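Commentary on secondary and tertiary structure
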Amino acid sequence: MLTRIYVIGSLLLYWGAITGTLAAGADASNDSAEQAKAVKSKAEILWDEFGIAHIYGPDLPTVLRGYGYAQMENHAELILQNIALARGRAAEYFGPGSNNKNVVSDEQVITYGIPKRSEEWVGQSDLLQRKLIDSFVAGANEYADRHLNSISPEFQRVLPIKPADTLALFQYTVHFNFMTYQSNVAKLMSNWSAEKPVTQGEDVRDKVQKASNGWALAPAKSSDGNAILIGNPQLGWGNTSLPGLGIYQWMEANLVVGNPSHPRINASGVTFIGAPFMAIGFNDYLGWTHTNNVIKNADLYELKLASGGYEFDGGVHPFDVHEFEIKIRQADGSFSTQTVTVRASVHGPVVAQRADRALALRVAGLNSPNVVSEYWNMMLARHLSEFIRANSRLQMPFFNVVYADRDGQIMYLFGGRQPRRSGGTYVWWSGIIPGDTSATLWTDTLKWSELPHTINPPGGFVQNSNDAPWFSSFPKTIKQSHYPSYIAANEMEFRPQHGAIFLRSKRKFSTEEVTTGKMSTRMIMADRILPDLIAAARASGDADASAAAAVLEKWDRLSDAGSQGAVLFERWYNLYIADSNSPKDSRWGVTYPAFRVEFSPTSPLTTPVGLKNPAAAVPFLAQAARELQKQFGRLDIAWGDVYRVVLVDHDASYEKPVPLTNVPGAGSGEPFGAMRKVYYYPSPEPNPKFAYDGETYVQVVEFTPKGAMAKALIGYGNASRPGSPHITDQVPYYEQKRLRAVYRTQSEVEAHAVTRESY
């Protein structure tokens, strides 16, 4: 009976969101006929001073039309560029590209079956998803029709946008970027193949270290007695001079359905451009963030070739073979063609081949087409039970979920499509898998209830920074022994240790204190090993090592802009790791100096610690000192003098970058353990390096009895189009490690509206 009541209530709420009528029993005001008429006639976008769109409409499809319109207004060129890639037609629109990268990308996309599958997904979409995708695409094309001359002719070739493009972008980004990255597909292929494997070419996005932080604090852990949610995806930066990072570009928006003073839905957050839903977001009742999961759900199977097919279960199976043609635009506007032959086994498409072997790729979640409706049902939810019912469809195959709500409930979920495997360990399944037997071929995935998760743990918080689910709460509430051994390794890296140590450091936190903790640049690896290194350097009698030890002794252990010693410590680490003879420890996919005390799952917040052979580390410290002295004339050069934030505009063709900022950076990459994780790319000049990866979006949300109050930041800005003022306007907040206000109420938005437009 309860299930029936929920289903009826959900259908009424869904119908109310679609049509603009009120759902029976919903917590909404009884608008008068005059108010309803006024709302229905009002479909507009208010833009605030940071280029954030506040989109109003009488029903959800109308608002989604405005969402598509607004995304194009802020990111038309990048959206069209991404769609070209996801269609497998980048070479047709833009030519072969440097090093033939567009051709290689198109071959890969076609091999993965993205164009065909995205069309199939449109036909398999449920009513809600199809309605919302159609509305979103209509709005995007409406913007292009109205402002076609503002879009470079090169990108106009991609128009019009089609419903299948939204689902192709989703597959391209999640299934064949995040999931294959986490499963080490490219690296395994490179190690296996004597020939160059099918990859995305020499693109900088291959270097992006996909990471994130997510925290949720229960009311008992909060100074104001309200649940707090912290979201912090750390991905490639848009608005830099490096190409190929546009697939990670976030856009922040506020979507309001119904009477603006008493909305039925007030959704805020971010999504990857081109997506018709909030990927990380919240309403007045609840919210969620995602972190990149350690889930292994993209597998490479090694096939033994025989008689034109491959060996399988004692026989020889033929490949399923299809041929496709790709068009390649030439400099004179003509086209050449190239045939792509795609062979597939029962595992998936062949992605690499040797004389007698081949690799086939199997990716989870390719039969789950309704991600848009899942996310909007999550956003329509008002309580944890409703959220779980929506999320349990698992149409999103990858990310962890960190959740909090107005009722004070918090949750962590090891989210995604986890293959149901025939035994084995996480390490075993992380390699290349024998493909000659059905014993290794998974055909099912775990249900939501079977995935590791914890709700309202006694420690008052959940955390994830891309670590295993076993460390999501302290005291631990998810026991590894209760789950298959192929789920995840029993390890916790420095960055999640950093977060958990902070969250245990006080009984209660304010939102300001939580923000400060999230912004920490402390390199906790230094805390663990510097005492041994400094002592050994001083005992060595080496003058350069002793001078370096003096700098490291005074160092604040931060990678803030003004920190003096972080550059020296990083240089020492790089030299030490590069030497083939230095004692090292490979852990968490990263190489470290060998530790005196190894990591222990029973002491996950205090291990590893120390250096196994401190004396062996001293020559590299002396070398680092000499190099810095030669390069910069000092050992204590400030971090921000070397590592910078360089954001750029582009010309109308989006080919030539135009630098706009060059300010001190703050934050460091793995394996140092800073919560503000940032990677830097060498510039053509001797120095500095500039940020291109990490710390893209931060949101801190407090769920008060009156609704959600939030602050947020996108360091590289909320727009990317040539001439936009919203590329550099959040940089001052980034420099100061501050967040800006998120406007959600009608009065706040009206007070900060810079422009408004109808759509």
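Residues numbered from 1 in each chain as written. Predicted model: local features only at pLDDT ≥ 70, side-chain atom pairs only at ≥ 80, totals over all residues. Heavy atoms only, no water.

1. Observations concerning the environment of Pro659
Considering the arrangement of structural elements, one finds Pro659 in strand E27 (residues 657-659). Placed 13 residues apart in sequence, Pro659 and Val646 show a C-alpha to C-alpha distance of 6.8 Å. Residues within four places of Pro659 in sequence aside, it is in contact with Leu647 and Val648. (Helix = DSSP H or I, 4+ residues; strand = E, 2+ residues; numbered from the N terminus. Contact = heavy atoms within 4.5 Å.)

2. Side note on the sheet that holds strand E19 (residues 453-455)
With respect to topology, 10 strands assemble into an open sheet ordered E19-E17-E16-E8-E7-E6-E5-E2-E1-E34, the strand pairing being mixed. With one partner strand each, in any of the chains shown, E19 and strand E34 (753-758) form the two edges of the open sheet. The mean angle between the axes of side-by-side strands here comes to 15 degrees, regardless of whether they run parallel or antiparallel. For strand E1 (residues 44-48) and E34, the ladder comprises 5 bridges, and the chain directions are antiparallel. Bridge pairing in E34 places Asp48 opposite Ala753. Contacting E1, strand E2 (53-57), strand E5 (250-257), strand E6 (265-272) and E34, helix H3 (residues 60-87) runs over the sheet at an angle of about 155 degrees to E5. (Pairing = 2+ DSSP bridges. Axes fitted to C-alpha atoms, helices over the stretch in contact; angles between N-to-C directions.)

3. Quick word on the confidence of the model for the chain
The share of residues in the chain with pLDDT of 70 or more is 93%, and the mean pLDDT across the chain is 93. Confidence drops under pLDDT 50 across residues 1-12; counting only partners more than four residues distant or on other chains, this segment forms 4 contacts. Low pLDDT, under 50, characterises residues 21-41; the predicted model gives this stretch 26 contacts beyond four residues in sequence or across chains. (pLDDT = per-residue confidence, 0-100.)

4. Side note on the pairing of strand E9 (residues 298-306)
Summarising the sheet, E9 and strand E15 (residues 357-363) pair through 7 bridges and their orientation is antiparallel. By the bridge assignment, Ala298 is partnered in E15 with Val363. Relative to strand E18 (residues 433-434), E9 runs parallel, the two being bridged by 2 bridges. Its bridge partner lying in E18, Glu302 is registered against Pro434. With 2 bridges connecting them, E9 and strand E10 (residues 309-312) associate as antiparallel partners. From the neighbouring strand, Ala306 faces E10, where its bridge partner is Gly309.

5. Topic: the sheet that holds strand E29 (residues 679-682)
Read from one edge to the other, the open sheet built from 4 strands follows the order E28-E25-E30-E29, with strand pairing classed as mixed. The strands lining the two open edges of the sheet, one partner per strand, are strand E28 (663-664) and E29.

6. A word on the packing of H3 against helix H7 (residues 127-146)
Here H3 crosses H7 at 40 degrees, and the two axes come no closer than 7 Å. With respect to H7, the element H3 is oriented oblique. Taken as a pair, H3 and H7 cross one another with a handedness that is right-handed. Taken together, the residues of H7 that come into contact with H3 (itself represented by Leu60, Pro61, Leu64, Arg65, Tyr67, Gly68, Tyr69, Gln71, Met72 and Glu73) are Lys131, Leu132, Ser135, Phe136, Ala138, Gly139, Ala140, Glu142, Tyr143, Ala144 and Arg146. Residues that form the contact of H3 with H7 fall into these classes: 12 nonpolar, 4 polar and 5 charged. (Parallel < 35°, antiparallel > 145°, perpendicular 65-115°, else oblique. Left-handed = near helix turned anticlockwise from the far one by under 90°. Nonpolar A, V, L, I, M, F, W, Y, C, P; charged D, E, K, R; others polar.)

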